[in-house]
Amino acid sequence: MPQDFALLTLAAVGGLLALFGLAFFIRPRWFFSWLKGTFAILLILAGAYIGLLALDLRHYQSLDSMETIATIGVTKSGPQTWRVRLERDEQPPLDVTLRGDQWQVDARIIRLAGPLSWIGVPPAYRLERLSGRYVSLEQERSGERTVFSLGQDSWFDAWTLDQEFGLPFVEAVYGNATFMPLKDGAIFDVRLSSTGLVALPGNQQAREAMEEWFPKAG
């Protein structure tokens, strides 16, 4: 797969930089100046950073413009209680119970910048969470909240580190779909571009729910 090859290339570049840096320590006579030693350490650090970045991106999927990345199916199971099925490619379906009047999916998006963008690793995404929301402000404050994690933890989290400290050659973006109405029998397509998530109706029930909701919201 193109993404797998690009990630292997990224990891290989990191490994070569680290090995090239270690070579300076193997041959002490190469150290004619303090500058060479500093350069070697910088190479090792750069190689380790690129290698860790490649490992972290294994938890993400390649992003093509406006592709459908998930479908949401809704079944009513009680007052403001819904059985929601989230289906994704190459992963088992996720069945959860959401409470409220609307649902939302959030995602992380990572783009490589600067010299690393030349390797050809495409923007990558990772679905982060699925949540429900009440329309009533009072219920939203005091009612039972339902939030389900969709992401896989990584001990080296490039997205979080870039958000907090700003990593070199990485652009971390947070995307979320607009809150969509929950309606019995509705199916929604979740699509993702390089700027965020979009939820579109996938059947008549979903279209009717959007027609009922958005005029009121406006």
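To be clear, the structure that these remarks concern was listed above.
This structure is a prediction, so every number in the text was calculated from the model and none was measured.

Sorry, what's going on with the pairing of strand β2 (residues 67-78) here?
Put simply, side chains in a regular strand alternate between the two faces of the sheet. Bridge count for β2 against strand β3 (residues 81-88) is 8 bridges, and the pairing is antiparallel. Bridging across to β3, T75 finds its partner in R83. Hairpin connection from β2 to β3: 2 residues lie between these consecutive antiparallel strands, with Q80 at a positive phi of about 55°.

Any chance you could explain the pattern of salt bridges here in plain terms?
It is possible for side chains of opposite charge to pair when their charged atoms get near one another. This model, assessed by the stated rule, comprises 10 salt bridges. Between R85 and D95 there is a salt bridge, and its shortest N-O distance comes to 2.9 Å. Here the residue R85 occupies a position in strand β3, and D95 occupies one in strand β4 (residues 94-99), the gap between them amounting to 10 residues. Overall, R85 belongs to the partly exposed group, its relative accessible area being 36%.

Can you help me understand the nonpolar core in this one?
Soluble globular proteins: nonpolar side chains tend toward being buried together. Counting 29 residues, the largest nonpolar core has I72, W103, V105 and L130 as its most contacted members. Residue assignment for this core shows that the elements contributing at least two residues are β2, β3, β4, β5 (102-112), β6 (124-133), β10 (187-193), β11 (196-201) and α5 (204-217). The residues touching L130, leaving out its near neighbours within four places in the chain, are I72, V84, L86, V96, L98, W103, Q104, V105, T146, V147, F148 and L150. Of all hydrophobic cores here, the second largest spans 19 residues; its members include L10, L116, A158 and W159.

Criteria and thresholds
Residues numbered from 1 in each chain as written. Predicted model: local features only at pLDDT ≥ 70, side-chain atom pairs only at ≥ 80, totals over all residues. Heavy atoms only, no water. Pairing = 2+ DSSP bridges. Helix = DSSP H or I, 4+ residues; strand = E, 2+ residues; numbered from the N terminus. Salt bridge = Lys/Arg side-chain N within 4 Å of Asp/Glu carboxyl O. Buried < 20%, exposed > 50% of the residue type's maximum accessible area, 1.4 Å probe, protein only. Core = buried A, V, L, I, M, F, W, Y, C linked by side-chain atoms within 4.5 Å. Contact = heavy atoms within 4.5 Å.

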